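What follows is the residue order along each chain.
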Amino acid sequence: MAKTKFVLNRKNFREQILKGPGTVAVLRETLGEDAVTDIGRDGVRARARLYGSMADEAKNGTLSRRLGGS
């Protein structure tokens, strides 16, 4: 069997996968419609944030649970 070489183009991977609409859709499905995605100034780091009522967090930990906490 012949060997196949695969070269990952990091810039294209970041643009198409990490910053793409599919990733945003998964984040919204997981965290809800109030999830916000942003890209760092350097263009390398992507973040997802969830803003919500801190009163709900204080009462029952709603945000922590949505982010995967116990």
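Small disclaimer: the values here were computed from a predicted structure and weren't measured.

**Notes on the overall build of the chain**
Right, on to step 1. Scanning the chain from terminus to terminus reveals four helices and two strands.
Right, on to step 2. Along the chain, helices (α) and strands (β) appear in the sequence α-α-β-β-α-α when read from the amino end.
Right, on to step 3. The contacts in the chain between residues at least 6 apart in sequence include a share of 16% that link residues at least 24 apart.
Right, on to step 4. In the form shown here, the chain has an accessible surface area of approximately 6,000 Å², with 55% of it arising from carbon and sulfur atoms.

**A word on the environment of Thr23**
Right, on to step 1. Tracing the backbone shows Thr23 in helix α2 (residues 21–31).
Right, on to step 2. Counting along the chain gives 14 residues from Thr23 to Thr37, while the straight-line C-alpha distance between them is 9.6 Å.

**Re a nonpolar patch on the surface**
Right, on to step 1. Together, Phe6, Leu8, Phe13, Ile17 and Leu18 give the surface a local cluster of nonpolar side chains, amounting to about 520 Å² of exposed area.
Right, on to step 2. Turning to its location among the elements, Leu18 is positioned in helix α1 (residues 10–18).
Right, on to step 3. The exposure class of Leu18 is partly exposed, given its relative accessible area of 42%.

**A short note on the pairing of strand β1 (residues 35–39)**
Right, on to step 1. Relative to strand β2 (residues 46–50), β1 runs antiparallel, the two sharing five bridges. When the sheet's bridge partners are listed, Asp38 is paired in β2 with Arg47.
Right, on to step 2. Counted between consecutive antiparallel strands, the loop separating β1 from β2 contains six residues, among which Gly43 sits at a positive phi close to 80°.

**So, the confidence of the model for the chain**
Right, on to step 1. In the predicted model, the chain carries a mean pLDDT of 76, and the fraction of residues at 70 or more is 83%.
Right, on to step 2. Per-element confidence in the chain is highest for α2, whose mean pLDDT is 81, and lowest for helix α3 (residues 54–60), whose mean pLDDT is 69.

Cut-offs applied
Residues numbered from 1 in each chain as written. Predicted model: local features only at pLDDT ≥ 70, side-chain atom pairs only at ≥ 80, totals over all residues. Heavy atoms only, no water. Helix = DSSP H or I, 4+ residues; strand = E, 2+ residues; numbered from the N terminus. Contact = heavy atoms within 4.5 Å. Areas by Shrake-Rupley, 256 points an atom, 1.4 Å probe, with all protein chains shown as cover. Patch = residues over 30% accessible without salt bridge, like charges linked within 9 Å, V, L, I, M, F, W, Y side chains within 5 Å. Salt bridge = Lys/Arg side-chain N within 4 Å of Asp/Glu carboxyl O. Buried < 20%, exposed > 50% of the residue type's maximum accessible area, 1.4 Å probe, protein only. Pairing = 2+ DSSP bridges. pLDDT = per-residue confidence, 0-100.

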